[in-house]
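Residue strings, one per chain:
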Amino acid sequence: MTSTPGEEYVEELREILELRDVPAEVVSQIVREIQSHVAESGEDPVAAFGTVGEYADNFAPRSRITRFWLLTVSSVFLAFGGTYVLINGVFALLGGGHDLWAMPPWISVALGATGIASFIVLILIAGARSKRRSHTWRM
Amino acid sequence: MVENLNWPAEWLRGVLTPAVLSVVSDGQTYGYLIAQRLADAGLGTVKGGTLYPLLARLEQDGDVISVWREGQGGPGRKYYSITPAGRQHLAALRTDWQVFADRSTAAITGRKEHS
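Below you will find a few notes about this structure. (Residues numbered from 1 in each chain as written. Chains lettered and ligands numbered in written order. Predicted model: local features only at pLDDT ≥ 70, side-chain atom pairs only at ≥ 80, totals over all residues. Heavy atoms only, no water.)

**Here's the deal with the environment of R94(B)**
Residue and element names in this part refer to chain B.
For step 1, the next point in the chain: Among the secondary structure elements, R94 is positioned in helix α4 (residues 84–109).
For step 2, the next point in the chain: A relative accessible area of 46% means that R94 is categorised as partly exposed.
For step 3, the next point in the chain: Residues R94 and I65, spaced 29 residues apart in sequence, show a C-alpha to C-alpha distance of 20 Å.
For step 4, the next point in the chain: With sequence-adjacent residues up to four places away left out, R94 is seen in contact with S22 and S25. (Helix = DSSP H or I, 4+ residues; strand = E, 2+ residues; numbered from the N terminus. Buried < 20%, exposed > 50% of the residue type's maximum accessible area, 1.4 Å probe, protein only. Contact = heavy atoms within 4.5 Å.)

What follows is the structure, encoded as structure tokens:
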């Protein structure tokens, strides 16, 4: 069963709003109101509401997606990189393996641990910011 | 007679919030009906993309509250009502608007202001 243009529009909008960190309950209301209006007026959603991106701009800035991806990429680097460096350091300390990048093993361990700790801190901060943002919505 | 004129967007931008708040103050209503009322008032067609974010802002500011009412098997309708704070706000807007409109009219038509 193929979806109508209205359903496609609504699903795309739901995705974009969620990506821009709008709370799920608020997204449901925004999307439901569009469905309600389109059901009543029979209008084409793009004609009535603009493109999905344009309408989403009313509720959340586009820059949130960039920040989201920056966070994801840096987290991956910190987590994986940190773990790799840490494990190398541990192996070198235990007598096996070689020094990573000619670093003394204890520096590898410290660096790796710092990387992993930074990753955890980043996640916590992002989570706290997101929670604070979701509390400002009054819908 | 200038029926169904396409009013300049910049004019409407200043007018829509008070106008929508005024319509809601008349009684609990929903988006599509509000758009109808505004069109009947001669303000032209207000698009969903303009109206619903405006209503969301009014709700965010505490001037209106909303409640969903189920329809017969459809998505239902989001009904808006004005709050006491909204009524106060509207009263102030109405007074200010009257002054602003009189002065604007005088400035634009080059005639002296009433009052």
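**A few points about the nonpolar core**
For step 1, the next point in the chain: In terms of nonpolar packing, the biggest core is built from 40 residues, with L13(A), Y55(A), V20(B) and L55(B) touching the most fellow members.
For step 2, the next point in the chain: At the level of secondary structure, the elements contributing two or more residues to this core comprise α1 (5–19), α2 (24–41), α3 (45–49) and α4 (52–57) of chain A together with α1 (9–25), α2 (31–40), α3 (48–60) and β3 (77–82) of chain B.
For step 3, the next point in the chain: At 7 residues, the largest contribution of residues to this core is made by α1(B).
For step 4, the next point in the chain: Non-local contacts of L55(B), meaning those with residues more than four positions away in its chain, are made with V20(B), V24(B), G31(B), I34(B), V64(B) and Y80(B). (Core = buried A, V, L, I, M, F, W, Y, C linked by side-chain atoms within 4.5 Å.)

**Here's the deal with empty space enclosed by the protein**
For step 1, the next point in the chain: Counted under the stated rule, the structure contains 1 cavity of 30 Å³ or more.
For step 2, the next point in the chain: Of the pockets and cavities examined, the largest cavity occupies roughly 40 Å³.
For step 3, the next point in the chain: E33(A), S36(A), E40(A), Y30(B), G31(B), Y32(B), Y52(B), R77(B) and K78(B) are the residues that line the largest cavity.
For step 4, the next point in the chain: If you list the elements that add at least two residues to the lining of the largest cavity, you get α2 of chain A together with α2 and β3 of chain B.
For step 5, the next point in the chain: Per-element accounting of the lining of the largest cavity gives the leading share, 3 residues, to α2(A).
For step 6, the next point in the chain: Residue composition of the lining of the largest cavity, grouped by class: 3 nonpolar, 2 polar and 4 charged. (1 Å grid on protein atoms, 1.4 Å probe; cavity = no way out; pocket = protein on both sides within 12 Å on 5 of 7 lines; lining within 4 Å. Points joined across faces, edges and corners; volume = space filled by probe spheres on them. Nonpolar A, V, L, I, M, F, W, Y, C, P; charged D, E, K, R; others polar.)

**Overview of the interface of chain B and chain A**
For step 1, the next point in the chain: On the side of chain A, 19 residues touch chain B, which itself brings 18 residues to the contact.
For step 2, the next point in the chain: In total, about 1,800 Å² of surface goes out of reach between chain B and chain A, with carbon and sulfur atoms giving 51% of it.
For step 3, the next point in the chain: Per-residue buried area on chain B facing chain A is highest for Y52(B), Q60(B) and W68(B); these three make up 33% of the total on that side.
For step 4, the next point in the chain: Run the count over chain B and chain A and you get 2 salt bridges.
For step 5, the next point in the chain: Salt-bridge contacts for E70(B) lead to R32(A); the nearest nitrogen and oxygen are separated by 2.9 Å.
For step 6, the next point in the chain: Linking chain B with chain A are 11 residue pairs in polar contact (both at pLDDT 80 or more), by the criterion used here.
For step 7, the next point in the chain: Every element with two or more residues in the side of chain B that touches chain A is listed here: α3 and β3 of chain B.
For step 8, the next point in the chain: Per element, the largest residue contribution to the side of chain B that touches chain A is 7 residues, and it comes from α3(B).
For step 9, the next point in the chain: Tallied by class, the residues present in the side of chain B that touches chain A amount to 8 nonpolar, 5 polar and 5 charged. (Buried area = accessible area lost by both parts, 1.4 Å probe. Salt bridge = Lys/Arg side-chain N within 4 Å of Asp/Glu carboxyl O. Polar contact = N/O pair within 3.5 Å; in protein donor to acceptor, adjacent residues only side chain to side chain.)

**Quick notes on the packing of aromatic side chains**
For step 1, the next point in the chain: On inspection of all chains with the given rule, the structure shows 6 aromatic pairs over all chains.
For step 2, the next point in the chain: With 5.6 Å between their ring centres and 50° between their planes, W97(B) and F100(B) make a pair best called tilted. Note that W97(B) and F100(B) are positioned in helix α4 at a spacing of 3 residues, about one turn of the helix.
For step 3, the next point in the chain: An aromatic cluster of three or more residues is present, and its members are F49(A), Y55(A), F59(A) and Y52(B).
For step 4, the next point in the chain: In this arrangement the basic side chain of R69(B) is found over the ring face of Y79(B), its NZ or CZ atom lying 5.4 Å from the centre. (Phe/Tyr/Trp six-rings, centres within 6.5 Å; stacked < 30°, edge-to-face > 60°. Lys NZ or Arg CZ within 6 Å of the ring centre and 35° of its normal.)

Interpretation in functional terms is not warranted from these geometric data alone.
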